Amino acid sequence: MSKSVPAFLQDESDDRETDTASEGSYQLSRHKKSPSSLTNLSSSSGMTSLSSVSGSVMSVYSGDFGNLEVKGSIQFAIDYVDSLKELHVFVAQCKDLAAADIKKQRSDPYVKTYLLPDKGKMGKKKTLVVKKTLNPVYNEILRYKIDKQILKTQKLNLSVWHRDTFKRNSFLGEVELDLETWDWDNKQNKQLKWYPLKRKTAPVPLEAENRGEMKLALQYVPEPVPGKKLPTTGEVHIWVKECLDLPLLRGSHLNSFVKCTILPDTSRKSRQKTRAVGKTTNPVFNHTMVYDGFRPEDLTEACVELTVWDHYKLTNQFLGGLRIGFGTGKSYGTEVDWMDSTSEEVALWEKMVKSPNTWIEAILPLRMLLIAKISK
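Cut-offs and rules
Residues numbered from 1 in each chain as written. Predicted model: local features only at pLDDT ≥ 70, side-chain atom pairs only at ≥ 80, totals over all residues. Heavy atoms only, no water. Helix = DSSP H or I, 4+ residues; strand = E, 2+ residues; numbered from the N terminus. Buried < 20%, exposed > 50% of the residue type's maximum accessible area, 1.4 Å probe, protein only. Contact = heavy atoms within 4.5 Å. Salt bridge = Lys/Arg side-chain N within 4 Å of Asp/Glu carboxyl O. Pairing = 2+ DSSP bridges. pLDDT = per-residue confidence, 0-100.

The name given to the protein in an unreviewed UniProt entry is Synaptotagmin-like protein 2 isoform X11, with Bos indicus as the source organism.

Put into structure tokens, the structure is as follows:
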């Protein structure tokens, strides 16, 4: 199995994140499983596939780090064109780059830019690859259509990469400009300048207290159809009420929705989601999701994963999440990294299990999660 990656590095264009939250989603979503569906997840073959995780990370942080020395510099200039409402990044050239091909002392470099913190594919621009040189000349303008007020909340990241014959990337260095403090009226700032390339600094995730909270309630219904002679499996009801103080990653814009998956089932049919609610950091969803197929012993092995996303154009950016379960680190005898519930999340799950047929409400802080890739 490949290793889990933090959600803020997750590529939102993968199968799990491309679906757009529908404004017309039902207030009561029901997903029916066969009584044995959760039981089947404990089989060894099932666990192998269902616990597999995505090894792909977003290209802003993907590639080979640390193998090549970071050296040299890059020449570029930036300007905001008010009439077009565009940021123009003029990438001129690089010099004295590290050699990916040590024997021939050359690289095949290109330059990639991002406006951070938006790490979606819509925010990625890149130059052409210039082959067999340590001093590539580009003279390319990379354009971003963006409102100036939003731009002032961003950082511009320029990174240089070597692209080999097999389309693998090796990191050669980067430069980052804080556009919040950038003097746009200074004509000197519009001139070409040389910037020394620096080593990759690990991206700093939002602190837990900055990710907001979720108000929700859970209920376990052990016998949905009373009086039935044949043994039935129970249901877990998840009532997503609202989120509070969600972080703004795109200036003042936010269009959030919540996804739910019952782990270890990472199949697409297990996933449910709310409608998207825009223009507020305190969205009210009031959305109930119902999962059946729960035997009493399954409550020890399963975990409710709730994740909050900001939908923008064709990408979804992770804001924060919860994992509600017993937090034992194991599921059906297999060690799993997603069974990592906090004490508050465990407390909610325990109360739900001990108080069947009763709604148990809580307000829980959203946090960073390692997210398993959804299976087909």
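From this point, things continue past the structure.
A. Expanded view of the side chain of H162. Relative to the elements of secondary structure, H162 occurs in strand 7 (residues 155–163). Since its relative accessible area comes to 11%, H162 is described here as buried. Those residues in contact with H162, other than ones at most four positions away along the chain, are A100, S107, D108, P109, R168, N169, S170 and L172.

B. Up close: the pattern of salt bridges. Throughout the structure, instances matching the rule amount to ten salt bridges. The closest approach of N and O atoms between R323 and E305, which form a salt bridge, is 2.8 Å. Of the two residues, R323 is situated in strand 17 (residues 315–324) and E305 in strand 16 (residues 303–312); the sequence distance between them amounts to 18 residues. The burial state of R323 is the same as that of E305; both residues are buried.

C. Expanded view of the pairing of strand 8 (residues 169–178). Most of strand 8 sits out of view: eight of its ten residues are buried. Where strand 7 and strand 8 come together, nine bridges link them in antiparallel fashion. Bridge pairing in strand 8 links W161 to F171.

D. Structural detail: the confidence of the model for the protein. On average, residues of the protein carry a pLDDT of 78, and 74% of them reach 70 or more. Here residues 1–63 is a poorly scored stretch, pLDDT under 50, and it has 170 contacts once near neighbours within four places are set aside; other chains count. Across residues 202–209, confidence stays below pLDDT 50; counting only partners more than four residues off in sequence or on other chains, it has ten contacts.

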